[in-house]
Amino acid sequence: MIKKGFTIWFTGLSGAGKTTISDRLVEVFTERKIHVEVLDGDVVRTNLSKGLGFSKEDRDTNIKRIAFVCKLLTRNGAGVIAAAISPYREVRAHARTEIKNFVEVYVKCPLEVCEGRDVKGLYAKARAGEIKQFTGIDDPYEEPLNAEVVVETDKETVDESASKIIAALEELGYIEPSAA
Ligand SMILES: Nc1ncnc2c1ncn2[C@@H]1O[C@H](COP(=O)(O)OP(=O)(O)O)[C@@H](O)[C@H]1O
Ligand SMILES: [Mg+2]
């Protein structure tokens, strides 16, 4: 059960594993009858933020929109997962302040590993200059300095990462500990 609304705020490079871990969390939550809403960066960019690009200004606008929706849901007692790269520290700090019940999860994975995975073929395009302002290649990624949870997806399994996040939610008093 959800004890109070929360937002799990993923941040990390493209291909680090935000969507994969988010999907696994939804499965775990479903088993535990905890309903969550997901705002995945790629999905948001096809509707709520359709038309925005990847300049710093557009990225910040995108993140502020996601944060706004997370705030509304969270203050109404919902569990929310936001999974966007959110490369800039300052706008993540804005999201934290707005949302309040904010659990930042740094999905940490070396650039070389993300690039090796190249799930969507975007790194190859960025290296070829076909995509500009790609995070980690020709746009910055500012690592979190005090995330509630750090998962290292080049060293942990998806399940291990998901378990760390669930444990943090329990410890922070957002969800009831599992009966098991
Ligand atoms: N421990 C792990 N955690 C998450 N993803 C992993 C892990 N090991 C390998 N992967 C793989 O890495 C890729 C991550 O892609 P994705 O979840 O789409 O990243 P993002 O949403 O951060 O861009 C997937 O192909 C996934 O199967
Ligand atoms: Mg993703």
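See the structure printed just above.
Residues numbered from 1 in each chain as written. Chains lettered and ligands numbered in written order. Predicted model: local features only at pLDDT ≥ 70, side-chain atom pairs only at ≥ 80, totals over all residues. Heavy atoms only, no water.

Visitor: Run through the site of ligand 1, naming residues and quoting values.
Guide: Taken together, 15 residues lie around ligand 1, and Gly15, Lys18, Thr19, Thr20 and Glu156 are the ones closest in. Protein coverage of the free-state accessible area of ligand 1, which is 570 Å², stands at 76%. Of the residues forming the shell around ligand 1, the biggest block, four residues, is contributed by helix 1 (residues 18-31). Here the shell around ligand 1 is built from residues that sort into five nonpolar, seven polar and three charged. (Near = heavy atom within 4 Å. Areas by Shrake-Rupley, 256 points an atom, 1.4 Å probe, with all protein chains shown as cover. Helix = DSSP H or I, 4+ residues; strand = E, 2+ residues; numbered from the N terminus. Nonpolar A, V, L, I, M, F, W, Y, C, P; charged D, E, K, R; others polar.)

Visitor: Explain the pattern of salt bridges to me, using residue names and the numbers behind them.
Guide: Applying the stated criterion to the full structure yields 13 salt bridges. Between Glu170 and Arg32 there is a salt bridge, with the nearest N and O atoms lying 2.9 Å from each other. Here the residue Glu170 occupies a position in helix 7 (residues 158-171), and Arg32 occupies one in the loop between helix 1 and strand 2 (36-40), the gap between them amounting to 138 residues. A residue is classified by how much of its surface remains accessible, and Glu170, at 24% relative accessible area, is partly exposed. We note a salt bridge from Arg96 to Glu104, for which the minimum N-O separation is 3.0 Å. Given a relative accessible area of 5%, Glu104 falls into the buried group. (Salt bridge = Lys/Arg side-chain N within 4 Å of Asp/Glu carboxyl O. Buried < 20%, exposed > 50% of the residue type's maximum accessible area, 1.4 Å probe, protein only.)

Visitor: Tell me about helix 3 (residues 56-75), and please be specific about residues and values.
Guide: Over its 20 residues, helix 3 runs 28 Å from end to end, which matches the ideal 28 Å to within 8%, given 1.5 Å per residue. When we look at burial in helix 3, the residues that qualify are Asp58, Arg59, Asp60, Asn62, Ile63, Ile66, Ala67, Cys70, Lys71 and Thr74. As for helix 3, its buried residues are in contact with strand 1 (6-11), strand 2, helix 2 (41-44), strand 3 (79-83) and helix 4 (89-99). Note on helix 3: the residue one or two positions beyond its end, Gly77, has a positive phi of about 90 degrees. (Expected span 1.5 Å × (residues − 1). Contact = heavy atoms within 4.5 Å.)

Visitor: Explain the pairing of strand 4 (residues 102-108) to me, and be specific about the residues and the numbers.
Guide: Buried residues dominate strand 4, accounting for six of its seven residues. Examined bridge by bridge, strand 1 and strand 4 share five bridges and lie parallel to one another. Residue pairing in the sheet places Ile8 in a bridge with Val103 of strand 4. (Pairing = 2+ DSSP bridges.)

Visitor: Before we move on, can you summarise the packing of aromatic side chains with the specific residues and values?
Guide: Two aromatic rings are characterised by how far apart their centres lie and by the angle between their planes. As enumerated under the stated definition, the model contains five aromatic pairs in all. For the pair Phe6 and Phe29, a centre-to-centre distance of 6.2 Å together with 40 degrees between the ring planes defines the contact as tilted. Of this pair, Phe6 sits in strand 1 while Phe29 sits in helix 1, and the two are 23 residues apart along the sequence. The buried category is assigned to Phe6, whose relative accessible area is 0%. Summarising the aromatic geometry, the rings of Phe6 and Tyr174 are spaced 5.9 Å apart at their centres and angled 50 degrees between planes, so their arrangement reads as tilted. Within this pair, whereas Phe6 is found in strand 1, its partner Tyr174 is found in the segment after helix 7, the two being separated by 168 residues in sequence. Both residues of the pair, Phe6 and Tyr174, count as buried. Among the aromatic residues, those joined into a cluster by ring pairs are Phe6, Phe29 and Tyr174. Taking NZ or CZ as reference, Arg45 lies 3.9 Å from the ring centre of Phe54, over its face. It is Lys56 that lies over the ring of Tyr88; its NZ or CZ is 4.7 Å from the centre. (Phe/Tyr/Trp six-rings, centres within 6.5 Å; stacked < 30°, edge-to-face > 60°. Lys NZ or Arg CZ within 6 Å of the ring centre and 35° of its normal.)

Visitor: I'd like a description of the environment of Pro87, backed by residues and values.
Guide: Secondary-structure assignment places Pro87 in the loop between strand 3 and helix 4. The class for Pro87 is buried, based on a relative accessible area of 3%. A sequence separation of 28 residues divides Pro87 from Arg59, and the C-alpha atoms of the two residues are 8.5 Å apart. When residues no more than four places from it in sequence are discounted, the contact partners of Pro87 are Arg59, Arg92, Thr135, Pro140, Tyr141 and Glu142.

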